[in-house]
Amino acid sequence: MNTLTPLRFRSSAATYLSATVLSALLAACGGDVHTPSNNTAAPQLFAQTNDTTNEVLHFMRNADGTLTAQATVATGGKGTNGVNYFMGGAVAPDALTGNNSVIVSQDGTRLFVANAGDNTVSVLSIDKASGNLSLLAVSPTGGTRPTSLAYLNGVLYVTHQQGASELGAYRVGNDGKLTQIGQYPVVQQDALPTEVSVSPDGKFVVVIGFLRTLTPVQPANTLLAFPINADGTLGTSVATTSVGTGPFGGRFGTGAMSTTFVVSDAAGVTASSYSLASSGSFTALSGPLAVTGQAAPCWVSLTPDNRFAYIGNGSGTVSLFSIDGSGKLALVNAAAASEPATSTVSTSSFANDSWISPDGKFLYQDYAGDDKIVAYSIGSSGALTRLGEQPANTQSKISLQGLTGI
């Protein structure tokens, strides 16, 4: 049996009561989505290999939604080479156990990559005409295993898997170098947050996850919102208890639904939605709704028109939910897309990180267990049609992480 032996996926939400099974399910979770709001660049897609010598995977997005591979670009930092801290150092899917490890600035000119293997963040420039990348700087974060990133108004927010203050704020210079301006505790030391994001109104930094809060391992079931000060530093967090067990990944809606926050509940095998108030507290709108027949729902993408949510599952499928005008979710298809496990390295294809094109026409999906990215077209009903795939060719054949584009 290989190092993935602890991973045993089950459809019943009751299985999370076992600490061993819970650890396995949650270790299958992570992802990221970031869409620039001012996009005039050539259409691109980016991911990271998370190899020991970390590299950015770069693809041109063609008009028909297919991908054309471009040259990889070294981040100047180190990945974990598939080693998963949450799984006790095993080489296992979703090695970073987090979302948003690769993001693009709102103006589409900067790419940020978390290098969890050497505790650094890389900043690369994006040429708007060609999409070509140039490394600007590699900066230490001062924390242990940075995995999730969010950016607003020249400040980068980074969460780490260990430490007394696992959230950091950094001013990004014109040269790409980071200068720390704040460090902030989350629910407790070494809580292992899985995602940081910024609310669409730019008023809050939201942090969720928190896997290592009890022994045996249980999630904290908490959503944190930190108010953003004028200088980018953060105020005291507002904590809300989640309605689902194990909130892991979350995405905000846009426009009229920009306060709606759709969340995957990894341990409970459910999905939920919330409304973020001006006070920083969350109110549940729907859920927890069962992701029927699946396991480890963790990664979330929303269409730009707020009609559909896609949730990637550790069991190798993508689930489709509809979203109504009030922000409530409804399960449409628990297995709207799937890929079989094709590698001896993993027992599942692991549908993790995903990203939707700004025009809402295409979904791009990492299958870390199969070491590839698959492109889908999105139909008027939300149905997915497979267009093609691109290999990631990571060294471990399992360390593919992060997905974002312009």
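As a reminder, the structure under discussion sits directly above these lines.
Just so it is clear, the model here is predicted, and its values are computed rather than measured.

Q: Would you mind showing me how to read the overall build of the protein here?
A: What the protein contains, in helices and strands, is one helix and 31 strands. With 406 residues in all, the protein has 61% of them scored as buried. Counted over contacts in the protein with a minimum sequence separation of 6, partners at least 24 positions apart contribute 54%. As displayed, the protein offers around 13,200 Å² of accessible surface, 50% of which is attributable to carbon and sulfur atoms.

Q: Is there a simple way to explain the packing of aromatic side chains in this structure?
A: The relation between two aromatic rings is expressed through the spacing of the ring centres and the mutual angle of the planes. Evaluation of the coordinates by the stated rule reveals six aromatic pairs. Their ring planes at 55° and their centres at 6.3 Å tell us that tyrosine 184 and phenylalanine 226 sit as a pair that is tilted. A residue pair is termed long-range when its members are at least 10 positions apart, and tyrosine 184 in strand 14 (residues 178–184) and phenylalanine 226 in strand 17 (residues 222–227) qualify at 42 residues. Exposure remark for tyrosine 184: the relative accessible area of 12% places this residue in the buried category. Following the ring pairs from residue to residue traces out a cluster consisting of Phe252, Phe261, Tyr274 and Phe282. Arginine 145 extends its terminal NZ or CZ atom over the ring of tyrosine 85, reaching a point 3.8 Å from the ring centre.

Q: Sorry if this is basic, but what is going on with the sheet that holds strand 10 (residues 133–140) here?
A: Through backbone hydrogen bonds, the strands of a sheet pair up, either in parallel or in antiparallel fashion. Taken together, four strands build an open sheet; the order of strands is 7-8-9-10 and the sheet is antiparallel. Of all strands in the sheet, those bounded by a partner on one side alone are strand 7 (102–104) and strand 10. Ignoring strand direction, the axes of neighbouring strands in this sheet form an average angle of 20°. The pairing of strand 7 with strand 8 (residues 110–115) spans three bridges and is classified as antiparallel.

Q: Is there a simple way to think about the sheet that holds strand 21 (residues 270–276) in this case?
A: Spatially, four strands are ordered 19-20-21-22 in an open sheet, and the strand pairing comes out antiparallel. Because the sheet does not close on itself, it has two edges, and the strands there are strand 19 (247–252) and strand 22 (282–290). Each adjacent strand pair in this sheet contributes to an overall mean axis angle of 20°, direction not counted. Bridging between strand 20 (residues 260–265) and strand 21 involves six bridges; their strand directions are antiparallel. When the bridges of strand 21 are listed, threonine 260 appears paired with serine 275.

Q: Would you mind showing me how to read the pairing of strand 1 (residues 44–48) here?
A: Residues in a regular strand point their side chains to alternate faces of the sheet. Within strand 1, five of the five residues are buried, which leaves it mostly tucked inside the rest of the structure. Burial along strand 1 is two-sided: Gln44, Phe46 and Gln48 and Leu45 and Ala47, pointing in opposite directions, are all buried. Note: strand 1 against strand 2 (residues 55–61), five bridges, orientation antiparallel. If you follow leucine 45 over to strand 2, its bridge partner there is phenylalanine 59. From the end of strand 1 to the start of strand 2, which pair antiparallel, there are six residues, and asparagine 50 there has a positive phi angle of about 60°. Looking at chain direction, strand 1 and strand 31 (residues 401–405) are connected through three bridges and run antiparallel. Paired with phenylalanine 46 across the strands is threonine 404, a residue of strand 31.

Q: Sorry, what's going on with the pattern of salt bridges here?
A: Two side chains that carry opposite charge are able to pair once their charged atoms sit near each other. Within this structure, the stated rule accounts for six salt bridges. For glutamate 339, the salt bridge goes to arginine 386, with nearest N and O atoms at 2.8 Å. In this pair, glutamate 339 is assigned in the loop between strand 26 (329–338) and strand 27 (351–356) and arginine 386 in strand 30 (residues 384–391), connecting sequence segments 47 residues apart. Judged by relative accessible area, arginine 386 falls into the partly exposed class, the value being 39%. Among the charged side chains, a network of salt bridges with common partners joins Glu339, Asp370, Lys372, Arg386 and Glu389.

Q: Sorry, what's going on with the nonpolar core here?
A: Generally speaking, a soluble globular protein has its nonpolar side chains buried in company with each other. In this structure, Tyr157, Leu167, Val205, Val207, Phe226 and Leu234 are the most contacted members of the largest nonpolar core, which totals 18 residues. Elements represented by at least two residues in this core include exactly strand 11 (144–152), strand 12 (155–162), strand 13 (167–172), strand 15 (195–198), strand 16 (204–208) and strand 17. Not counting the four nearest positions on each side in its chain, valine 207 is found in contact with Thr159, Leu167, Val186, Pro193, Glu195, Val196, Thr222, Leu223, Leu224 and Phe226. One finds Ala337, Tyr367, Val374 and Leu384 within the second-largest nonpolar core, a separate group that totals 14 residues.

Q: What is the right way to look at the pairing of strand 13 in this model?
A: Within strand 13, five of the six residues are buried, which leaves it mostly tucked inside the rest of the structure. Two strands pair when backbone bridges link them, and strand 12 and strand 13 are joined in this way by five bridges, in the antiparallel orientation. Within strand 13, the position partnered with leucine 156 by the bridge is tyrosine 170. The hairpin formed by strand 12 and strand 13 contains four residues between the paired strands, and glycine 163 there has a positive phi angle of roughly 125°. Where strand 13 meets strand 14, six bridges bridge the pair, whose relative direction is antiparallel. Bridge assignment links leucine 167 to a residue of strand 14, and that residue is tyrosine 184. Hairpin remark: strand 13 followed by strand 14, antiparallel, with five residues in the connecting loop; positive phi at glycine 176, about 90°.

Conventions adopted
Residues numbered from 1 in each chain as written. Predicted model: local features only at pLDDT ≥ 70, side-chain atom pairs only at ≥ 80, totals over all residues. Heavy atoms only, no water. Helix = DSSP H or I, 4+ residues; strand = E, 2+ residues; numbered from the N terminus. Buried < 20%, exposed > 50% of the residue type's maximum accessible area, 1.4 Å probe, protein only. Contact = heavy atoms within 4.5 Å. Areas by Shrake-Rupley, 256 points an atom, 1.4 Å probe, with all protein chains shown as cover. Phe/Tyr/Trp six-rings, centres within 6.5 Å; stacked < 30°, edge-to-face > 60°. Lys NZ or Arg CZ within 6 Å of the ring centre and 35° of its normal. Pairing = 2+ DSSP bridges. Axes fitted to C-alpha atoms, helices over the stretch in contact; angles between N-to-C directions. Salt bridge = Lys/Arg side-chain N within 4 Å of Asp/Glu carboxyl O. Core = buried A, V, L, I, M, F, W, Y, C linked by side-chain atoms within 4.5 Å.

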